[in-house]
Amino acid sequence: MIDTLASADTTVWLSILVKTLAYAATLVAAGSVLVSASLRELTEDGRGALRRMAVIGALAAAILSLLRVPVRASFLMGGSIDGAIDLMMLGIVTESPLGASVIVRLIGLALIPAIFLPMRGARWIALIGALVTCASFALRGHALGDPRLLLGALVTLHIAGLAFWLGAFAPLARASRREPAARAGALAHEFGTKAFWVVGALVIAGAITLALLGATKLDALATPYGQAFVIKLALFAGVLGLAALNKVRLTPELQAAAPGAAQRLRRSIVVEGALVLAILATTAALTTVTSPPAERANNAPSQPQTMQTASLVSRDFPWRY
Amino acid sequence: MKSRLVIAIAAMLVSGAALAHSEREGTTPADGALLTETPEMIHMVFDDPMRVTMARLVNADGAEMPMARGSGLEPSLEFHAEPESLAPGRYTVEWRGLASDGHPMQGSFSFQIAD
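The shown structure was predicted, so the numbers you read here are calculated from the model rather than taken from an experiment. (Residues numbered from 1 in each chain as written. Chains lettered and ligands numbered in written order. Predicted model: local features only at pLDDT ≥ 70, side-chain atom pairs only at ≥ 80, totals over all residues. Heavy atoms only, no water.)

## Brief notes about the overall build of chain B
Then step 1. For chain B, the count of helices and strands is one helix and eight strands.
Then step 2. If you list the helices and strands of chain B from N to C, you get α-β-β-β-β-β-β-β-β.
Then step 3. Looking at chain B residue by residue over its 115 residues, the buried ones come to 52%.
Then step 4. Total accessible area on chain B is roughly 5,200 Å²; 52% of this is exposed by carbon and sulfur atoms. (Helix = DSSP H or I, 4+ residues; strand = E, 2+ residues; numbered from the N terminus. Buried < 20%, exposed > 50% of the residue type's maximum accessible area, 1.4 Å probe, protein only. Areas by Shrake-Rupley, 256 points an atom, 1.4 Å probe, with all protein chains shown as cover.)

Set out below in structure tokens:
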């Protein structure tokens, strides 16, 4: 993985950066809507800030998601700027699953600003937008495998869970800074209670997805993909640890208005946010410079081949010179 | 018990690594081949349709060598191109493409033409 990254060109790095930021903005946009709809302890002020966050996130996510198309086109043309503006290449990318995913995501993101509309049902429109946005992740990559419908539902559930979690960081940090300890504590307590089930669903959905897609082989750890996945799991374990600390220790302290509790919670959220960002970056790198060893590789005499990297294998063929 | 559970979950999660993409199955010339003359054809075979969007032949100095592309941009199991006469030395074929599942791919293979 490290070797592969070390030999990656500018387009690959740009692709990882844009993908990471697009993931983060998309999850914040969708997550802010989900959090706004599900946390009753949010104050009107806090809810207003969350709405603004949802719209800003949606705007950023739309721009970053669109940006992925020319970056992909550039990659396909060997990393040239010409490739990024080549109409034929842009057309090919738009016709690919990435294009379909971006289009659906843009539709979902476009519905999110409805959260501001002063009309009945506007909240539901934004909520549908958030779920469509999450579902856009299921329109590409391995979610397109069989059983497609189930995989799509599981990926959407996994992303929605992650979005809810990520979307709560800002309102929790804001509440701990601006609101009385009891009020902020109540919000943190409500989030902790709901997040327990959401994170459980997130983990189960992710695990079933992977179990559906693959076999159970630990030798995958020897591949760059497997190693990157272990890094991701380690980071996730760190996030879970911090989340547990927040729920078990920091939230009760905040509810009891213990001195410095709000500051400790904010610090913990910042670290948690940084770890989630690292997870997103690892995921972006994972899906950009490595690929899972193919099922067919089980029968192949050569080492598993990464898709996006140059570590290719060659075999003897009858028509060889 | 807990550690076994953790290992089982990790195994299940890592098992996602066994997913399928199209792969490049083989090349002509083979990677690392030592040839006595310019190959008539640069040929790649994939196990699933691949849309090869870029392929170029470079020499040891990184200079691009002329190569007439025989395959179009449509998804195909094979790609071929005809290089012009090459001087002795080491050459690398670099390619990029879109797999049938939409994943971008890149790869390279090298061969050498002996004096």
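Having seen the structure, we can now continue with the description.
## A look at the overall build of chain A
Then step 1. Each helix and strand counted, chain A has 11 helices and zero strands in total.
Then step 2. Expressed as a percentage of its 321 residues, the buried residues of chain A come to 52%.
Then step 3. By sequence separation, contacts in chain A at least 24 residues apart represent 71% of the contacts at least 6 residues apart.
Then step 4. Accessible surface computed for chain A: about 14,500 Å², of which carbon and sulfur atoms make up 69%. (Contact = heavy atoms within 4.5 Å.)

## Some thoughts on the pairing of strand S6 (residues 76-83) of chain B
All names here are of chain B.
Then step 1. Where strand S3 (residues 42-59) meets S6, five bridges bridge the pair, whose relative direction is antiparallel. Directly across from His 43, in S6, lies its bridge partner His 80.
Then step 2. Inspection of the sheet shows strand S5 (residues 67-69) paired to S6 by three bridges, in the antiparallel sense. Its bridge partner lying in S6, Met 67 is registered against Pro 83.
Then step 3. The hairpin turn running from S5 into S6, its antiparallel successor, is six residues long. (Pairing = 2+ DSSP bridges.)

## What about the packing of helix H7 (residues 122-135) of chain A against helix H8 (residues 148-178) of chain A?
Residue and element names in this part refer to chain A.
Then step 1. In contact at an axis separation of 8 Å, H7 and H8 are set at 120° when each is read in the N-to-C sense. Taken together, the axis directions place H7 and H8 in an arrangement best described as oblique. Where H7 crosses over H8, the two elements pack in a sense that is right-handed. From H7, Leu 131, Cys 134 and Ala 135 reach across to H8, where they touch Thr 156, Ile 159, Ala 160 and Ala 163.
Then step 2. Of the residues contributing to the contact of H7 with H8, the split by class is six nonpolar, one polar and no charged. (Axes fitted to C-alpha atoms, helices over the stretch in contact; angles between N-to-C directions. Parallel < 35°, antiparallel > 145°, perpendicular 65-115°, else oblique. Left-handed = near helix turned anticlockwise from the far one by under 90°. Nonpolar A, V, L, I, M, F, W, Y, C, P; charged D, E, K, R; others polar.)

## Focus on the nonpolar core
Residues and elements named next belong to chain A.
Then step 1. Formed by 76 residues in total, the largest nonpolar core has its most connected members in Val 33, Trp 165, Phe 191 and Leu 280.
Then step 2. Ranked by the residues each element gives to this core, the list is headed by H8, at 13 residues.
Then step 3. Every residue in contact with Val 33, bar those within four places of it in the chain, is listed here: Ala 54, Ile 112, Ile 115, Ala 126, Leu 127 and Ala 130. (Core = buried A, V, L, I, M, F, W, Y, C linked by side-chain atoms within 4.5 Å.)

## Re the packing of aromatic side chains
Then step 1. Enumeration over the complete set of coordinates arrives at six aromatic pairs over all chains.
Then step 2. With a centroid separation of 6.0 Å and an interplanar angle of 45°, the aromatic rings of Tyr 23 of chain A and Phe 137 of chain A are classed as tilted. Highlighted residues: Tyr 23 of chain A in helix H2 (residues 10-38) and Phe 137 of chain A in the loop between H7 and H8, separated in sequence by 114 residues.
Then step 3. According to the relative accessible area criterion, Tyr 23 of chain A is buried, its value standing at 8%.
Then step 4. Ring centres of Phe 46 of chain B and Trp 95 of chain B lie 5.4 Å apart, and the angle between their planes is 70°; this geometry places the pair in the edge-to-face category. One end of the pair, Phe 46 of chain B, is in strand S3; the other, Trp 95 of chain B, is in strand S7 (residues 89-99), with 49 residues separating them in the sequence.
Then step 5. Just above the ring of Trp 124 of chain A sits the side chain of Arg 123 of chain A; from NZ or CZ to the centre is 5.6 Å.
Then step 6. In this structure, Arg 96 of chain B packs its charged tip against the face of Phe 75 of chain A, placed 4.3 Å from the ring centre. (Phe/Tyr/Trp six-rings, centres within 6.5 Å; stacked < 30°, edge-to-face > 60°. Lys NZ or Arg CZ within 6 Å of the ring centre and 35° of its normal.)

## Some thoughts on the UniProt feature "transmembrane region" (unreviewed entry) in chain A
Residues and elements named next belong to chain A.
Then step 1. Feature annotation in UniProt assigns "transmembrane region" (unreviewed entry) to the following positions: residues 12-37, 49-67, 98-117, 124-143, 149-174, 195-216, 228-248 and 269-289.
Then step 2. In residues 12-37, the share of helix is 100% and the share of strand is 0%. The end C-alpha atoms are 37 Å apart.
Then step 3. Secondary structure across residues 149-174 comprises 100% helix and 0% strand; the distance between its end C-alpha atoms is 38 Å. (UniProt positions renumbered as here; feature names shortened; annotations may be inferred.)

## A short note on the environment of Phe 111 of chain B
Residue and element names in this part refer to chain B.
Then step 1. Relative to the helices and strands, Phe 111 resides in strand S8 (residues 104-113).
Then step 2. Sequence spacing of Phe 111 and Thr 28 is 83 residues, and the spatial spacing of their C-alpha atoms is 9.3 Å.
Then step 3. If we skip the residues at most four places from it in the chain, Phe 111 touches Pro 29, Ala 30, Ala 33, Leu 35, Pro 39, Ile 42, Leu 57, Leu 86, Gly 89, Arg 90, Tyr 91 and Val 93.

## Concerning helix H6 (residues 97-111) of chain A
Then step 1. In this model H6 of chain A runs 22 Å from its N-terminal to its C-terminal C-alpha over 15 residues, within 8% of the 21 Å that 1.5 Å per residue would give.
Then step 2. Turning to H6 of chain A, the residues buried within the fold contact H2, helix H3 (44-76), helix H5 (87-95) and H7 of chain A. (Expected span 1.5 Å × (residues − 1).)

## Observations regarding the pattern of salt bridges
Residue and element names in this part refer to chain A.
Then step 1. Taken as a whole, this structure holds six salt bridges over all chains when the rule is applied.
Then step 2. The salt bridge involving Lys 194 is made with Glu 190; its shortest N-O contact spans 2.8 Å. Highlighted residues: Lys 194 and Glu 190, both in helix H9 (residues 181-213), separated by four residues, approximately one helical turn.
Then step 3. Judged by its relative accessible area of 10%, Glu 190 is buried.
Then step 4. Counted as one network, the salt bridges with shared partners bring together Arg 249, Glu 253 and Arg 264. (Salt bridge = Lys/Arg side-chain N within 4 Å of Asp/Glu carboxyl O.)

## Looking at the packing of H5 of chain A against H6 of chain A
All names here are of chain A.
Then step 1. Where H5 meets H6, the axes come as close as 4 Å, and the angle between the chain directions of the two elements is 70°. Looking at the two axes, H5 sits roughly perpendicular to H6. Side by side, H5 and H6 meet where Val 93, Thr 94 and Glu 95 of the first sit next to Pro 97, Leu 98, Gly 99, Ala 100 and Ile 103 of the second.
Then step 2. Per-class residue counts for the contact of H5 with H6 are five nonpolar, two polar and one charged.

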